[in-house]
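Here is what each chain is made of, one letter per residue.
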Amino acid sequence: MSKVERANFGSKLGVILASAGSAVGLGNIWRFPCEVGENGGAAFMLVYLACVIFLGVPVMTSEFLIGRRSRANAAMAYNVLAPGSKWSFVGLMGVFASFLILSYYTVVAGWTLEYSVAAASNKLSSGVDFVGFFNDFVANPWKSSLYVVLFMVLTHLVIIRGVTDGIERFSKIMMPVLLVIIIVLVFCSFFMPGAGAGLTFLLKPDFSKLTPEVALNAMGQAFFSLSIGMGCLCTYGSYFSKDTNLMKTAGSVAFIDTMVAFMAGFIIFPAVYSVPGLSPDAGPGLVFVTMPNVFNMVFSGLPWLGYLFSVLFYVLLVLAALTSTVSLHEVATAYIHERFNLSRKTGAYIVTVVCSVLGILCALSFGVLNGYRLFDMTVFDLFDFFSAKFLMPLGGMLISIFTGWYLDKNILKEEITNGGSIKVRFFKIYVLLLKYFAPIAIGVIFINELFK
Ligand code: PHE
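1. Thoughts on the overall build of the chain
Part 1 of the argument: Within the chain, the secondary structure is distributed over 18 helices and zero strands.
Part 2 of the argument: Over its C-alpha trace the chain gives a radius of gyration of 21 Å, about what one expects of a compact globule, namely 22 Å for 452 residues.
Part 3 of the argument: Projected onto its principal axes, the C-alpha positions of the chain cover 65 × 50 × 45 Å.
Part 4 of the argument: Of all 452 residues assigned to the chain, the portion counted as buried reaches 61%.
Part 5 of the argument: Considering only contacts within the chain whose residues lie at least 6 apart along the sequence, 82% involve residues at least 24 apart.
Part 6 of the argument: For the chain, the computed accessible surface area is about 17,900 Å², with 69% contributed by carbon and sulfur atoms.
Part 7 of the argument: In the chain, the 29 positive side-chain charges and the 23 negative ones have mean positions that sit 10 Å from each other.

2. Re the packing of aromatic side chains
Part 1 of the argument: Within this structure, the stated rule accounts for 39 aromatic pairs.
Part 2 of the argument: Ring plane angle 20° and centroid distance 5.7 Å describe the contact between Phe 134 and Phe 288, whose orientation is recorded as stacked. Of this pair, Phe 134 sits in helix α6 (residues 130–139) while Phe 288 sits in helix α13 (residues 286–298), and the two are 154 residues apart along the sequence.
Part 3 of the argument: Classification of Phe 134 as buried rests on a relative accessible area of 5%.
Part 4 of the argument: You can call Phe 288 buried: its relative accessible area is 2%.
Part 5 of the argument: Positioned above the aromatic ring of Phe 224, the side-chain terminus of Arg 31 is 4.9 Å from the ring centre.
Part 6 of the argument: Of note, Lys 435 hangs over the ring of Trp 405, and the distance from its end group to the ring centre comes to 4.6 Å.

3. With respect to the environment of Gly 404
Part 1 of the argument: Within the secondary structure, Gly 404 sits in helix α16 (residues 379–406).
Part 2 of the argument: Once you skip the residues sitting within four places of it in the chain, Gly 404 turns out to touch Lys 409, Leu 434 and Lys 435.

4. Observations regarding the nonpolar core
Burial of nonpolar side chains together is a common tendency in soluble globular proteins.
Part 1 of the argument: One finds Trp 111, Met 291, Tyr 314 and Tyr 430 to be the most contacted residues of the largest nonpolar core, which totals 161 residues.
Part 2 of the argument: With 19 residues, the top contributor of residues to this core is helix α14 (residues 303–339).
Part 3 of the argument: Sequence-distant contacts of Tyr 314, defined by excluding residues within four places in its chain, comprise Thr 112, Tyr 115, Ser 116, Ala 119, Leu 124, Met 291, Pro 292 and Phe 295.

5. Side note on α6
Part 1 of the argument: Every buried residue of α6 is listed here: Phe 130, Gly 132, Phe 133, Phe 134, Phe 137 and Val 138.
Part 2 of the argument: Against the buried residues of α6 lie α5 (88–120), α7 (141–160), α13 and α15 (344–364).
Part 3 of the argument: Between the side-chain oxygen of the N-cap and the backbone nitrogen of Val 131 there are 3.2 Å, and the N-cap of α6 in question is Asp 129.

6. Looking at the site of the ligand
Part 1 of the argument: Close to the ligand lie 16 residues, the nearest being Ala 23, Gly 27, Tyr 105, Phe 224 and Ser 227.
Part 2 of the argument: The separation between an oxygen atom of the ligand and a polar side-chain atom of Tyr 105 is 2.5 Å.
Part 3 of the argument: Contact between the ligand and Ser 225: a nitrogen atom at 3.0 Å from a main-chain N or O atom of the residue.
Part 4 of the argument: Burial of the ligand by the protein amounts to 100% of the accessible area it has alone, namely 320 Å².

7. Considerations on empty space enclosed by the protein
Part 1 of the argument: Summed over all chains, the structure comprises three cavities of 30 Å³ or more.
Part 2 of the argument: Space inside the largest cavity adds up to approximately 130 Å³.
Part 3 of the argument: For the lining of the largest cavity, the secondary-structure elements that each account for two or more residues are α1 (12–23), α5, α10 (212–226) and α14.
Part 4 of the argument: Per-element accounting of the lining of the largest cavity gives the leading share, three residues, to α14.
Part 5 of the argument: Residue composition of the lining of the largest cavity, by class: eight nonpolar, seven polar and no charged.
Part 6 of the argument: Glu 63, Ala 74, Tyr 78, Val 90, Gly 91, Gly 94, Gly 229, Met 230, Gly 231, Cys 234 and Ile 399 together form the lining of the second largest cavity.
Part 7 of the argument: Per-element tally for the lining of the second largest cavity: the top contributor is α5, with three residues.
Part 8 of the argument: Here the lining of the second largest cavity is built from residues that sort into six nonpolar, four polar and one charged.

8. Here we look at the side chain of Asn 73
Part 1 of the argument: Inspection of the secondary structure assignment puts Asn 73 in the loop between α3 (42–70) and α4 (76–81).
Part 2 of the argument: In this structure Asn 73 comes out as buried when scored by relative accessible area, which is 0%.
Part 3 of the argument: Within polar-contact distance, the side chain of Asn 73 engages the backbone nitrogen of Met 76 at 3.0 Å.

9. Comments concerning the packing of α3 against helix α18 (residues 427–450)
Part 1 of the argument: α18 packs onto α3 with a crossing angle of 120° between their chain directions and a minimal axis gap of 10 Å. When the axes of α3 and α18 are compared, the crossing they make is left-handed. Counted together, Phe 54, Leu 55, Pro 58, Thr 61, Ser 62 and Leu 65 of α3 and Tyr 430, Leu 433, Leu 434, Phe 437, Ala 438, Ala 441 and Ile 442 of α18 form the full contact between these two elements.
Part 2 of the argument: Residue classes in the contact of α3 with α18 are distributed as 11 nonpolar, two polar and no charged.

10. Details of α7
Part 1 of the argument: For α7, spanning 20 residues, the distance from its first C-alpha to its last is 29 Å, which sits close to the expected 28 Å at 1.5 Å a residue.
Part 2 of the argument: The set of residues buried in α7 consists of Ser 144, Ser 145, Tyr 147, Val 148, Phe 151, Met 152, Thr 155, His 156, Val 158 and Ile 159.
Part 3 of the argument: Sitting at the amino-terminal end of α7 is Asn 140, which places a side-chain oxygen 3.0 Å from the backbone nitrogen of Trp 142.

11. Remarks on the environment of Arg 31
Part 1 of the argument: Within the secondary structure layout, Arg 31 lies in helix α2 (residues 26–38).
Part 2 of the argument: Arg 31 gets classed as buried once you look at its relative accessible area, which sits at 2%.
Part 3 of the argument: Residues Arg 31 and Asp 281 lie 250 residues apart in sequence; the distance between their C-alpha atoms is 12 Å.
Part 4 of the argument: Ignoring any residue separated from it by four or fewer positions in sequence, one finds Arg 31 in contact with Leu 26, Tyr 104, Gln 221, Phe 224, Asp 384, Ala 388 and Lys 389.
Part 5 of the argument: Side-chain polar atoms of Arg 31 contact the side chain of Gln 221, separated by 2.6 Å.

Rules used in this analysis
- Residues numbered from 1 in each chain as written.
- Predicted model: local features only at pLDDT ≥ 70, side-chain atom pairs only at ≥ 80, totals over all residues.
- Heavy atoms only, no water.
- Helix = DSSP H or I, 4+ residues; strand = E, 2+ residues; numbered from the N terminus.
- Rg over C-alpha atoms; globule rule 2.2 N^0.38 Å.
- Buried < 20%, exposed > 50% of the residue type's maximum accessible area, 1.4 Å probe, protein only.
- Contact = heavy atoms within 4.5 Å.
- Areas by Shrake-Rupley, 256 points an atom, 1.4 Å probe, with all protein chains shown as cover.
- Lys, Arg positive; Asp, Glu negative; His and termini not counted.
- Charge placed at Lys NZ, Arg CZ, Asp CG, Glu CD.
- Phe/Tyr/Trp six-rings, centres within 6.5 Å; stacked < 30°, edge-to-face > 60°.
- Lys NZ or Arg CZ within 6 Å of the ring centre and 35° of its normal.
- Core = buried A, V, L, I, M, F, W, Y, C linked by side-chain atoms within 4.5 Å.
- Polar contact = N/O pair within 3.5 Å; in protein donor to acceptor, adjacent residues only side chain to side chain.
- Near = heavy atom within 4 Å.
- 1 Å grid on protein atoms, 1.4 Å probe; cavity = no way out; pocket = protein on both sides within 12 Å on 5 of 7 lines; lining within 4 Å.
- Points joined across faces, edges and corners; volume = space filled by probe spheres on them.
- Nonpolar A, V, L, I, M, F, W, Y, C, P; charged D, E, K, R; others polar.
- Axes fitted to C-alpha atoms, helices over the stretch in contact; angles between N-to-C directions.
- Left-handed = near helix turned anticlockwise from the far one by under 90°.
- Expected span 1.5 Å × (residues − 1).

So this is what it looks like as structure tokens:
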């Protein structure tokens, strides 16, 4: 595969928005509140923030760097930069993770599709038992499988349109709209009766709740939410142009992603404390049970506005999920396409079919397959645990070691400063974080968890 043939993102804004499109998704709006709720609130958020700044930004910058320097897909990038070495294993691990994540992520993405349909047909109006509604839906084998396949097909359609036409154009339109609606919802949530209790939960840290497990969960969430450690942003980096400022792009993406996650927290928790019978540790259903209540309570005097907002919210959630599933699909598609010399289309078909089958298995684990467990986890939980809490941080650790220790310092400097044409203030700190902090911190969190 020659270098010239590869596609490129068309503009700087497109680069940031496509990467932010990958990062911002259900990880922010579904997984983040769920983890915050299960890990005790404010203290978790602080550890999370530290992980984003000191691990997330350097690892993301390195992934962009590896991708742009090699102009190859996640797995083959290492063959280009470290020919004949074992490093390509890191890339392969990422491709493997992309299959796992895409499969189970699409289950939740399918739920958002179902909720869009339910909102549009006015099935989420007040008086409905939202807990029962959610539980019935996820346990229904036909419906949840159908939505997995539908979502996978949607993703497939964007993927076969290619990089600039499909991914970039799509992200450019959707991301800003999503931001606006989230800001409006945060504002609305502050007027809910439980706002005070919700804000205390989010802002007043209780450090006695900080256990090794909470640290692992926060780190896993940071990697998951930023889409790092598994080659996704490396693949996007390979489409960057020569004058993209890698570190600045990583900083902007991390900033946008964290803002969206925190805002999601500020929407959800005031609402959780406003609805009798709901508790912050409700698990994967948290957002799906809470949000319909928000729309009904906030807009009780103006039901048509509540209707409008709920439809808009779920549709945007679908789109946010789609920009993420597209990036996951792209990792696997680019790999199969370039590694096995198959057409992009065939590669995409293979990924779609394999992940649909795995996705259906994950979907069924909320119903008929619920009894089948390994280490006390369902297939869905196992995929989530293994990718977010093991593969991604491990990938991040190896990526730091690769760029910090293995790669020639001159290459690093050349890429970060775009051949000396831009001044980068944090270069030394960046190298220190990669060489020492990231590998040690990730290692310590792993070991602590192992011997807890
Ligand atoms: N970061 C995405 C989200 O927050 C999920 C994702 C993980 C996407 C890994 C790509 C790679 O929803």
